[in-house]
Amino acid sequence: MERKTKINAEDGKQDLMITREFDLPLELLFKACSDPEIIEQWMGTKVLKFESKKHGSYQFETTDAKGNVVFRANGVIHEFSPNKKITRTFEMENTSFGVQLELVEFERLTDDTSKLNMRVIYESVTHRNQVLQLPFAQGINMAHNRLQDIVNKLK
Amino acid sequence: MNLRRDVFQAIADPTRRAILLLVASQSLTAGAIASNFDTARPTVSKHLQILTECELLEQKQNGREIYYHTNAKKMKEIADFIEPFRNMWDDRFNKLEAIMKNYQSKK
């Protein structure tokens, strides 16, 4: 079974598709994506609010060791069909990335395996490419910070 | 001074992508590149300028001619740029799977 996460981002388009097969029954995969306590664990962010229902809303927040907010995001849920589909918006606060529409579909493969198809639509091609480059840019920042730490120790 | 260009904006244009494909196989002069397109020569020159500014193309003087060739390092950066984003989701999903397997066995 192909368990690697796949990203399909076609050139010049403002959307992308994230797909992944899981060694989990459909119900457990859906639970992991709709239970705030579990989302908190795998997304690596605090879940301030998560209403798993149509017209519900959610809020994520990440703070550093000193308690400063380093990331905050929110969105509203447009459709919530258990074990089938979640349609929601997602927006990182205080950034220029704009709002994105996420269509998350849950698919049963066998009794013990399932698949997640997540289509993300951005405001423009530029917005999409900025988000795609984000972890790349953060990786560079992290490398810089590590370098800074080493340099500080040498002082 | 020219403003630094965004690589991804540079490759969003179909003519510029065609130029990159053309030059990928062999170094060519601006004239030779332009002869492959129906567009006006100054338009091709503008495309070459943009591709050079964002370092996807490099110029090499050979006698009186300037040859363009692709910058392999920069081209690889584009090919790899999606990988950190994919890794980020792969890490999250690996965690999700591990958590739920544990959850399942606890039940």
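Structural data are supplied above this passage.
Residues numbered from 1 in each chain as written. Chains lettered and ligands numbered in written order. Predicted model: local features only at pLDDT ≥ 70, side-chain atom pairs only at ≥ 80, totals over all residues. Heavy atoms only, no water.

A.B. asks: So what exactly am I meant to see when it comes to the overall build of chain A here?
C.D. replies: Summing up its helical and strand segments, chain A has three helices and eight strands in all. When burial is assessed residue by residue, chain A has 39% of its 155 residues classed as buried. The contacts of chain A with a sequence gap of at least 6 include a subset with a gap of at least 24, amounting to 38%. When the accessible surface of chain A is split by element, carbon and sulfur atoms take 50% of a total near 8,800 Å². (Helix = DSSP H or I, 4+ residues; strand = E, 2+ residues; numbered from the N terminus. Buried < 20%, exposed > 50% of the residue type's maximum accessible area, 1.4 Å probe, protein only. Contact = heavy atoms within 4.5 Å. Areas by Shrake-Rupley, 256 points an atom, 1.4 Å probe, with all protein chains shown as cover.)

A.B. asks: Help me understand the packing of aromatic side chains, please; the structure alone is not making it clear to me.
C.D. replies: In this description, a pair of aromatic rings is defined by centroid distance and the angle of the planes. The tally for this structure, following the rule as stated, stands at seven aromatic pairs over all chains. With a centroid separation of 5.4 Å and an interplanar angle of 85 degrees, the aromatic rings of F22(A) and F93(B) are classed as edge-to-face. Taken together, the positions of F22(A) in strand β2 (residues 15–22) and F93(B) in helix α6 (residues 83–106) put the pair across two chains. Accessibility assignment for this pair places F22(A) and F93(B) in one class, buried. (Phe/Tyr/Trp six-rings, centres within 6.5 Å; stacked < 30°, edge-to-face > 60°.)

A.B. asks: Explain the sheet that holds strand β2 (residues 57–62) of chain B here, please?
C.D. replies: What holds strands together in a sheet is hydrogen bonding between their backbones, with the strands either parallel or antiparallel. All names here are of chain B. In spatial order, the strands read β1-β3-β2; together these three strands make up an open sheet with antiparallel pairing. Each edge of the open sheet is held by one strand with a lone partner, namely β1 (28–29) and β2. Of the pairings in the sheet, the one linking β1 to strand β3 (residues 65–70) comprises two bridges and is antiparallel in character. What sits directly across from T29, in β3, is Y67. Across the sheet, helix α2 (residues 14–25) touches β1, β2 and β3, and the angle it forms with β3 is around 100 degrees. Contacts from helix α4 (residues 41–53) reach β2 and β3, with the element oriented near 105 degrees to β2. (Pairing = 2+ DSSP bridges. Axes fitted to C-alpha atoms, helices over the stretch in contact; angles between N-to-C directions.)

A.B. asks: In this structure, what is going on with unusual backbone geometry? I would like to understand it.
C.D. replies: Excluding glycine, most residues fall at negative phi; most peptide bonds, likewise, are trans. With phi around 70 degrees, H55(A) is a residue other than glycine that occupies positive phi space. Examined against the element boundaries, H55(A) turns out to sit in the loop between β3 (46–50) and β4 (57–63). The exposure class assigned to H55(A) is exposed, which follows from its relative accessible area of 65%. Although it is not a glycine, E55(B) sits at a positive phi angle of roughly 65 degrees. With respect to the secondary-structure elements, E55(B) resides in the loop between α4 and β2.

A.B. asks: What should I look at first to understand the interface of chain B and chain A in this one?
C.D. replies: Bring the parts together and some accessible area is lost; that lost area is often taken as the interface size. Taken residue by residue, the interface counts 22 residues in chain B and 32 residues in chain A. Around 2,800 Å² of area is buried between chain B and chain A when both sides are counted, 71% of it from carbon and sulfur atoms. Summed over the three residues of chain B that lose the most area to chain A, namely F85(B), F93(B) and E97(B), the buried surface amounts to 22% of that side. At the boundary of chain B and chain A, one finds three salt bridges. Taken together, chain B and chain A are joined by eight residue pairs in polar contact (both at pLDDT 80 or more). No other element matches the 17 residues that α6(B) contributes to the side of chain B that touches chain A. For the side of chain B that touches chain A, the class distribution of residues is 13 nonpolar, two polar and seven charged. (Buried area = accessible area lost by both parts, 1.4 Å probe. Salt bridge = Lys/Arg side-chain N within 4 Å of Asp/Glu carboxyl O. Polar contact = N/O pair within 3.5 Å; in protein donor to acceptor, adjacent residues only side chain to side chain. Nonpolar A, V, L, I, M, F, W, Y, C, P; charged D, E, K, R; others polar.)

A.B. asks: I'm lost on the pattern of salt bridges in this one. Help?
C.D. replies: Should their charged atoms come close, side chains of opposite charge can pair. A complete count under the given rule lists twelve salt bridges over all chains for this structure. One salt bridge connects D15(A) with R119(A), and the closest N-O pair in it is separated by 3.0 Å. With D15(A) in strand β2 and R119(A) in strand β8 (residues 114–121), this residue pair connects regions lying 104 residues apart in the sequence. Judged by its relative accessible area of 17%, D15(A) falls in the buried class. For E55(B), the salt bridge identified is with K74(B), shortest N-O distance 3.5 Å. Remark: K74(B) occurs in helix α5 (residues 72–80) and E55(B) occurs in the loop between α4 and β2; sequence separation between them is 19 residues. Take E55(B): its relative accessible area is 39%, and that puts it in the partly exposed class. Owing to a relative accessible area of 11%, K74(B) belongs among the buried residues under this scheme.

A.B. asks: Looking at this model, I keep getting lost on the nonpolar core. Mind explaining?
C.D. replies: Nonpolar side chains in soluble globular proteins tend to be buried together. In terms of nonpolar packing, the biggest core is built from 63 residues, with W42(A) and L96(B) touching the most fellow members. Beyond its immediate chain neighbours, meaning those up to four positions away, W42(A) contacts A32(A), C33(A), W89(B), R92(B), F93(B), K95(B), L96(B) and I99(B). (Core = buried A, V, L, I, M, F, W, Y, C linked by side-chain atoms within 4.5 Å.)

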